[in-house]
Amino acid sequence: MSSNIIVDKDKESAQIGNISVKLAKEYEVNANWMGNDLASHQLRAAWLKLSEDDLPMNPRLVGNPGVGKTTLAVAVAKELQSSVYLMQGTSDTRPDDLIITPVITEGKQISYVASPIVSAMLVGGVCILDEGNRMSEKSWASLASLLDHRRYVDSVIAGLRIHAHKEFRFVTTMNDDSSVYDLPEYIQSRLNPQIFLDFADIETEARIIRYAVPYLEENLLTLLVSFLAISHKYEENYSVRDGIQIAKYAQRLKSLNKDLTLPKALKASVFSILGEDALKYFPPDEQMQNDPQSSTRPNLRPV
């Protein structure tokens, strides 16, 4: 870190030359990665430094929404005992939003607020730029110097050049769908390696949902993960995140109405969260009611 940068012990502000900058809050959330071991190994390798002068890489985690990209990044960052900062990318994100923003205080003075990216740069933490391919090229261009050997950003508003701490690490998550921008080549070349995350297998999805919803009845969990597995075979993008929401709502419906069967509670929850089209991935009601385990049989097909 440059000698003219001083971060206070509480990581609430930093003095950069003669300018004081308020830092973003750390992203404090529990993250227990239960998914693909290969993906977590690849992320650790990308951030590994093999010598004092080595630089960590700037990977991108690519996959469908809800497969655990952010959870993976937080979990590996916590393994490194790093502070974690989360920045949400959107189509409206401006270059200044990524670096430093001026704010008028109550005393009509100008105060400078660092983005989560710059906050991570200053304290030597991990920045997760979530859904980075929703940002425009103009916004990405402001980070080009950070993502190569230079490792700095320029703030035109504050008149500062800010160098990253040697322990700073960066990762961006990118959804693999049609609602995002294509990144220019000079940005893509800086965001490597690509680490792809797919849907978890049925056993892993069951463990994740059980961890997130520990009060879920076992038969309801069996029906739910079977539904998700069948939908994946037909290339539906229903994620384990959807599964967790379905599980929570279905168990609530069942708890409030003891006469409601598990299949009906699950169907009502799926209908509310995923819509009517998702119901075709259930077996007939009587099959689900009489033998919940049968929904895992390989010959099951949508009805």
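In this text, all values refer to a predicted model and were calculated from it rather than measured experimentally.

A. Quick peek at the pattern of salt bridges. Under the defined criterion, the tally for this structure stands at 11 salt bridges. Between Asp 154 and Arg 161 there is a salt bridge, and its shortest N-O distance comes to 2.7 Å. The partly exposed category is assigned to Arg 161, whose relative accessible area is 47%. Across the pair Glu 218 and Arg 210 runs a salt bridge, and its minimum N-O distance is 2.8 Å. The exposure class assigned to Arg 210 is partly exposed, which follows from its relative accessible area of 22%. Each of Lys 49, Glu 167 and Arg 169 takes part in salt bridges that share partners, so that together they form one network.

B. Focus on the packing of aromatic side chains. Inspection of every chain in the model, using the stated rule, returns four aromatic pairs. Pairing Tyr 234 with Tyr 281 gives two aromatic rings, centres 5.9 Å apart and planes at 45°, and the pair type is tilted. Of this pair, Tyr 234 sits in the loop between helix H7 (218–233) and helix H8 (240–256) while Tyr 281 sits in the loop between helix H9 (262–274) and helix H10 (285–290), and the two are 47 residues apart along the sequence. Tyr 234 gets classed as partly exposed once you look at its relative accessible area, which sits at 38%. Relative accessible area serves as the criterion here: at 5%, Tyr 281 is assigned to the buried category. Judged by centre distance (6.4 Å) and plane angle (75°), the ring pair of Tyr 238 and Tyr 281 falls under edge-to-face.

C. Summary view of helix H2 (residues 69–79). Within H2, eight of the 11 residues are buried, which leaves it mostly tucked inside the rest of the structure. On the buried face of H2, the contacting elements are helix H1 (37–47), strand S4 (60–63), strand S5 (84–88), strand S8 (126–130) and strand S11 (169–175). Backbone geometry just after H2 places Gln 81 at a positive phi near 60°.

D. Expanded view of the environment of Glu 236. Positionally, Glu 236 belongs in the loop between H7 and H8. Given a relative accessible area of 21%, Glu 236 falls into the partly exposed group. Residues Glu 236 and Ala 278 lie 42 residues apart in sequence; the distance between their C-alpha atoms is 8.9 Å. Residue contacts for Glu 236: discarding those within four places in its chain leaves Phe 199, Ser 231, Lys 280 and Tyr 281.

E. Main features of the nonpolar core. Grouped together as the largest cluster of nonpolar side chains are 40 residues, with contacts concentrated most on Met 121, Trp 140, Leu 143, Leu 146 and Ile 162. For this core, the secondary-structure elements that each account for two or more residues are strand S2 (13–16), strand S3 (19–22), S5, strand S7 (110–114), helix H3 (116–123), S8, strand S10 (160–163) and S11. Looking at this core element by element, the count peaks at six residues for H3. Sequence-distant contacts of Met 121, defined by excluding residues within four places in its chain, comprise Leu 146, Arg 151, Tyr 152, Val 153, Ile 162, His 163, Ala 164, His 165 and Phe 168. The next biggest cluster of nonpolar side chains, apart from the first, holds 26 residues, and it includes Leu 216, Ala 250, Val 270 and Ala 278.

F. Just the pairing of S7, in detail. Sheet topology places S3 next to S7; two bridges connect them, and they run parallel. In the sheet register, Lys 22 faces S7, and the bridge partner there is Val 113. Note: strand S6 (residues 100–104) against S7, five bridges, orientation antiparallel. When the bridges of S7 are listed, Val 103 appears paired with Ser 111. Between the antiparallel neighbours S6 and S7 lie five residues, among them Lys 108 with a positive phi of about 60°.

Reading the values: the criteria
- Residues numbered from 1 in each chain as written.
- Predicted model: local features only at pLDDT ≥ 70, side-chain atom pairs only at ≥ 80, totals over all residues.
- Heavy atoms only, no water.
- Salt bridge = Lys/Arg side-chain N within 4 Å of Asp/Glu carboxyl O.
- Buried < 20%, exposed > 50% of the residue type's maximum accessible area, 1.4 Å probe, protein only.
- Phe/Tyr/Trp six-rings, centres within 6.5 Å; stacked < 30°, edge-to-face > 60°.
- Helix = DSSP H or I, 4+ residues; strand = E, 2+ residues; numbered from the N terminus.
- Contact = heavy atoms within 4.5 Å.
- Core = buried A, V, L, I, M, F, W, Y, C linked by side-chain atoms within 4.5 Å.
- Pairing = 2+ DSSP bridges.

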